[in-house]
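# Report on the structure
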Amino acid sequence: MSVLNRLDVEPVINAGGPNTKHSGSRPREVAMEAMQEASVSFYNIDEFLIEAGKAVADLIGAPAATITSGASGGLVVQAAAAIARDDPDKISALPNTEGMGSDLIIQKHHRFIYDHLYLTSGGRFKEVGDGVACTPDEVEAAIDENTAGIIHLESPYKSNDLVPLGQLVEIAHGHDLPVLCDAASMLPPRSNLRRFLDQGADLVSFSGGKGIRGPQSTGILTGTPEWVEYARLNNYPNVGIARAQKVSKEEMAGLIAALSEFVETDEEEETKRYTEMMQLVVDQIIEVPGVIVSVIHDRDHYIPHAVITFSPSWRGPDRDEIHRRLMAGSPRIYIANYGPDGQLIVDPLNIQKGELEVVAERVRDVLVKAASGE
Ligand SMILES: *Cc1c(COP(=O)(O)O)cnc(C)c1O
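Residues numbered from 1 in each chain as written. Predicted model: local features only at pLDDT ≥ 70, side-chain atom pairs only at ≥ 80, totals over all residues. Heavy atoms only, no water.

## Digging into the environment of Leu-168
This is how the line gets drawn: The numbering of helices and of strands both runs from the N terminus, where a helix is a DSSP run of H or I of at least 4 residues and a strand a run of E of at least 2. A simple rule labels every residue: compare its accessible area, found with a 1.4 Å probe on the protein chains alone, to the largest value its type can have, and call it buried under 20%, exposed over 50%, or partly exposed in between. In what follows, a contact means two residues having at least one pair of non-hydrogen atoms within 4.5 Å.
Within the secondary structure, Leu-168 sits in helix H7 (residues 165-173). The buried category is assigned to Leu-168, whose relative accessible area is 1%. On a C-alpha basis, the gap between Leu-168 and Val-179 in space is 7.3 Å, while along the polypeptide they are eleven residues apart. Look past the residues within four positions of Leu-168 in its chain and what remains in contact with it is Gln-107, Val-139, Ile-150, Ile-151, His-152, Val-163 and Val-179.

## Examining the pairing of strand E8 (residues 218-223)
Stated formally: At least two bridges found by DSSP between two strands is the condition for calling them paired.
A large share of E8 lies buried, amounting to six of its six residues. Covered by surrounding structure in E8 are Thr-218, Ile-220 and Thr-222 together with Gly-219, Leu-221 and Gly-223, the residues of both alternating faces. The pairing of strand E7 (residues 203-207) with E8 spans five bridges and is classified as antiparallel. Opposite Ser-205, over in E8, you have Leu-221 as the bridge partner.

## Regarding unusual backbone geometry
Residue Pro-95 is reached from Leu-94 by a cis peptide bond, and omega for that bond is 15 degrees. Positionally, Pro-95 belongs in the loop between helix H5 (88-93) and strand E3 (103-107). At Tyr-157, a residue that is not glycine, the phi angle is positive and equals roughly 60 degrees. Here Tyr-157 lies in the loop between strand E5 (147-153) and H7. Residue class for Tyr-157 comes out partly exposed when judged on its relative accessible area of 27%. A positive phi angle, near 65 degrees, is found at Arg-213, a position not held by glycine.

## A word on helix H2 (residues 29-38)
Let me state the cut-off plainly: Note: the arc covers the axis-to-C-beta directions of the helix.
Taken as a whole, H2 has its buried residues at Ala-31, Ala-34 and Ala-38. Taken end-on, H2 shows its buried residues confined to a sector of 65 degrees, consistent with a single buried face. In H2, the exposed positions angled more than 90 degrees off the buried face are occupied by Glu-29, Gln-36 and Glu-37. At its buried positions, H2 is contacted by helix H10 (249-264).

## Here's the deal with the site of the ligand
For clarity, the cut-off: Nearness is defined per residue: one heavy atom within 4 Å of the molecule or strand is enough. As used in this structure description, the phrase polar contact means that two N or O atoms lie within 3.5 Å; if the pair is within protein, one of them must be able to donate a hydrogen and the other to accept it, and residues adjacent in sequence are counted only when both atoms belong to side chains. The Shrake-Rupley method, run with a 1.4 Å probe, gives the accessible areas here. Residue values count only the displayed protein chains as cover.
If you check the shell around the ligand, you find Thr-20, Gly-70, Ala-71, Ser-72, Phe-112, Tyr-114, Leu-153, Asp-182, Ala-184, Ser-185, Ser-207 and Lys-210 and nothing else. Ser-72 is positioned such that a nitrogen or oxygen atom in its side chain is 2.6 Å from an oxygen atom of the ligand. Here an oxygen atom of the ligand sits 2.6 Å away from a polar atom, N or O, in the side chain of Ser-207. Protein contact buries 87% of the 380 Å² of open area that the ligand shows by itself.

## As for the packing of helix H4 (residues 70-84) against helix H9 (residues 225-234)
The following threshold applies: Axis definition: a line fitted to C-alpha atoms, limited for helices to the stretch in contact. Angles are taken between N-to-C directions and run from 0 to 180 degrees. Roughly parallel means an angle under 35 degrees; roughly antiparallel, over 145; roughly perpendicular, 65 to 115; everything else is oblique. All residues other than Ala, Val, Leu, Ile, Met, Phe, Trp, Tyr, Cys, Pro, Asp, Glu, Lys and Arg, Gly among them, are scored as polar; the first ten of these are nonpolar and the last four charged.
Two numbers describe how H4 lies on H9: the axes approach to 8 Å, and their chain directions differ by 105 degrees. With respect to each other, H4 and H9 are oriented roughly perpendicular. Together, Val-77, Ala-80, Ala-81, Ala-82 and Ala-84 of H4 and Trp-227, Tyr-230, Ala-231 and Asn-234 of H9 make up the contact between the two elements. Broken down by class, the residue content of the contact of H4 with H9 amounts to eight nonpolar, one polar and no charged.

## Examining the packing of H2 against H10
Threshold: The crossing is said to be left-handed when, going from far helix to near helix, the turn is anticlockwise and less than a right angle, and right-handed when the turn is clockwise.
Two elements in contact, H2 and H10, have axes whose closest approach is 7 Å; the angle formed by their N-to-C orientations is 145 degrees. The two elements H2 and H10 meet at a crossing, and its hand is right-handed. Contact with H2, carried on its side by Val-30, Ala-31, Ala-34, Met-35 and Ala-38, involves Lys-249, Glu-250, Glu-251, Ala-253, Gly-254, Ala-257, Ala-258 and Glu-261 of H10 and no other residues of that element. When grouped by side-chain class, the residues that make up the contact of H2 with H10 number eight nonpolar, one polar and four charged.

## Notes on the environment of Glu-276
Inspection of the secondary structure puts Glu-276 in helix H11 (residues 267-285). The exposure class assigned to Glu-276 is partly exposed, which follows from its relative accessible area of 49%. Sequence separation between Glu-276 and Asn-5 is 271 residues; the distance between their C-alpha atoms is 35 Å.

## Considering the sheet that holds E3
Strand pairing in a sheet takes place through backbone hydrogen bonds and is either antiparallel or parallel in direction. Strand order across the open sheet formed by seven strands is E2-E8-E7-E6-E5-E3-E4, with mixed pairing between neighbours. At either end of the open sheet lies a strand with only one pairing partner, and these are strand E2 (64-69) and strand E4 (124-128). Looking at each pair of strands side by side, their axes are set apart by 25 degrees on average, direction ignored. With three bridges connecting them, strand E6 (residues 179-182) and E7 associate as parallel partners. By the bridge assignment for E7, Cys-181 is matched with Val-204. Sheet contacts for helix H3 (residues 45-60): E2 and E8; angle to E2, the most-contacted strand, approximately 115 degrees. Docked against the sheet, H7 engages E3, E5 and E6, running at close to 175 degrees with respect to E5.

## A short note on the sheet that holds strand E9 (residues 291-296)
Sheet architecture is open: three strands sit in the order E9-E10-E12, paired in antiparallel fashion. One side of each edge strand has no neighbouring strand; the edge strands of this open sheet are E9 and strand E12 (344-346). Strand after strand, the sheet turns through a mean of 20 degrees between neighbouring axes, direction not considered. Lying on the sheet, H11 is in contact with E9, strand E10 (305-310) and E12; it crosses E9 at an angle near 170 degrees.

Below is the structure:
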């Protein structure tokens, strides 16, 4: 009996992108092969992790890098590095931060659902700005002897009225503080692998299991050699705050193989293919009354998406009900129901051969029925 036959779980066609609750992304074949290859030998994991970090840095063209358990694990060690740096007593004391500067400055608009991971190491947020805007003076004024670092979020749907990364870096470095950047979902474009480092961020986290399509459990943490070393000292396999964030040698090998294929892929060609896929979805549903749909590829959409919104003439139920009906059908289809304006998003990343037509037809059928009041 196959393992999957033992489990009473029904698969889902994932047309909603690399969402963790829907299994993230499909690991590249080269990643699965590398995991198999790494599984038959033993290594000293400190040595393996250091070498794996060098390989990742080489592929990105970054000064330094290491591997974490997801971008989430990266945020935990970013904060630990900022608070404890390379002091062994401080590293082993976390999350107890007595006698250490542990405030993390964050623009209020950058508060986000994953940000409590920055607090795991014992840090505390000091919010600046009003939730939409923030000025350099407000950031500067918040810095005192308890400040450990400044957080910067790179993600879709962000306001333009914030202190940009380059300016945050200038302020932080004027006080010997690091800028900690979460860019988990910002790949592609591949140019982002270097962009935030080039703007001066000291540590930048990416997910290994989203656009890169490495193992779901992996993350990349790039940065300056000094800060990456602080992060590594606070990370697994050392006994400290991140000891529970294990990444196996198989997963590290899988990530390197996936990253290698990711950076070598022609982005223009990939974008063209995704655009054609999404146009097919758009063509199927564009005439449904009350539905507005188009292919969008901009700073809020990392690859071309078919984005569905509803006009005032829409007579059907809200987007979450449409989402639910697609998940309740057979086969089950997941499309994304996040983002502003009640939108639904079809994402081509995880759509496999033969699935696109099924997705387009089912989305059309569900929308047509909903539009007619069923
Ligand atoms: C996905 C995401 C994370 C978590 O990344 P994992 O690799 O799944 O741990 C953190 N922050 C942001 C902004 C994300 O989009």
